[in-house]
Amino acid sequence: AAGAAIALHDFSGSLGELRVHFHAMRLRDSLFLWVGAAPALASLAVAMCSPRDSIPVATSLLGDPSDTASACLAQRLGSWAQHATLSSAIPSCLDAAQQEWRTHCPRKPCLTCERLHPVLCLSASKTKKQIFVSYNLQNTDSSFTLLIENRIKEEMLAFPDKF
């Protein structure tokens, strides 16, 4: 249920020639996201909003500290989520919403939000959620991780009550 303290959500996608699996666990004040092709927990990072900076701070908790894939993904998702209003009630008239967003957004909008959906920046308040990410794929190429990130964002918009 949407009001439950814990929500689990599994999804997958074919990205290139690789079948990638995702496991999301929404907790009361945090989100755990596992990404991989096979069962493993080789790395774990956390990102959280900072009252002193618009970019979430991130750190590695488990695994090789020189492997920054988990921390970077957590930071980017935290940055996107802090600008996003994850609600299933997205207005149908995008032109009006885009104009409203440009007029009333209290912060300079980020490019990710602007490209993804203009309605997402209508509420620029921080979520104050910690985002834990375990990225367990060999491919850390920036174009591939962008596909991963976009697949997660797509799922967040489709099932906001799970995130």
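Treat the numbers as computed from the prediction; the structure is a model and nothing was measured.

Things to note about the confidence of the model for the protein chain
Note: predicted coordinates in regions of low pLDDT should not be interpreted at a detailed level. Of the residues in the protein chain, 68% have a pLDDT of 70 or more, and the chain-wide mean is 75. Of all secondary-structure elements in the protein chain, the lowest mean pLDDT belongs to helix H3 (residues 111–116), at 35, while strand S2 (residues 18–26) reaches the highest, 96. Note that pLDDT drops below 50 for residues 85–127; the model gives that stretch 62 contacts with residues more than four away or on any other chain.

Observations regarding the side chain of Arg26
Following the sequence through the fold, Arg26 ends up in strand S2. As a buried residue without a salt bridge, Arg26 has its nearest oppositely charged side chain in Asp161, at a separation of 6.1 Å. A polar side-chain atom of Arg26 sits 2.3 Å from the main-chain carbonyl oxygen of Asp161.

Details of a nonpolar patch on the surface
A surface patch of nonpolar side chains, about 260 Å² in accessible area, is lined by Leu41, Leu61 and Leu62. Mapped onto the elements of the fold, Leu62 is located in strand S5 (residues 53–62). For Leu62, a relative accessible area of 37% translates into the label partly exposed.

Description of helix H4 (residues 142–158)
For H4, which comprises 17 residues, the first-to-last C-alpha distance of 24 Å matches the rise-based estimate of 24 Å (1.5 Å per residue) to within 8%. Among the residues of H4, Phe144, Thr145, Ile148, Glu149, Arg151, Ile152, Lys153, Glu155 and Met156 are the ones counted as buried.

Reading the values: the criteria
- By convention here, each chain's residues receive numbers from 1 onward along its written sequence.
- A pLDDT threshold of at least 70 governs which residues receive local features in this predicted model, and a stricter bar of 80 or more applies before side-chain atom pairs are shown or counted, although totals over entire chains, interfaces and linings include all residues.
- Here the side-chain values reflect all heavy atoms present in the structure, with hydrogen atoms and water set aside.
- Confidence of the predictor at the level of single residues is given by pLDDT, which spans 0 to 100.
- Secondary structure elements are defined from DSSP: runs of H or I of at least 4 residues count as helices, runs of E of at least 2 residues count as strands, and each element is numbered from the N terminus.
- Contacts were defined at the residue level, with two residues in contact if any of their heavy atoms lie within 4.5 Å.
- When a residue's accessible area, from a 1.4 Å probe over protein chains only, is under 20% of the maximum for its type it is buried; when over 50% it is exposed; and in between it is partly exposed.
- When charges are counted, neither His nor the chain ends are considered; positive counts come from Lys and Arg and negative counts from Asp and Glu.
- Salt bridge, as used here: a side-chain nitrogen of Lys or Arg that lies within 4 Å of a carboxyl oxygen of Asp or Glu.
- Any N or O atom pair separated by 3.5 Å or less is treated as a polar contact, with the protein-specific requirement of one donor-capable and one acceptor-capable atom, and with residues adjacent in sequence counted only for side-chain atom pairs.
- What goes into a patch is any residue over 30% in relative accessible area without a salt bridge, connected to like charges within 9 Å or, for nonpolar side chains (Val, Leu, Ile, Met, Phe, Trp, Tyr), within 5 Å.
- Only the protein chains shown count as cover for residues, and all accessible areas are computed by the Shrake-Rupley method using a 1.4 Å probe.
- The length a helix should cover is 1.5 Å for every residue beyond the first.

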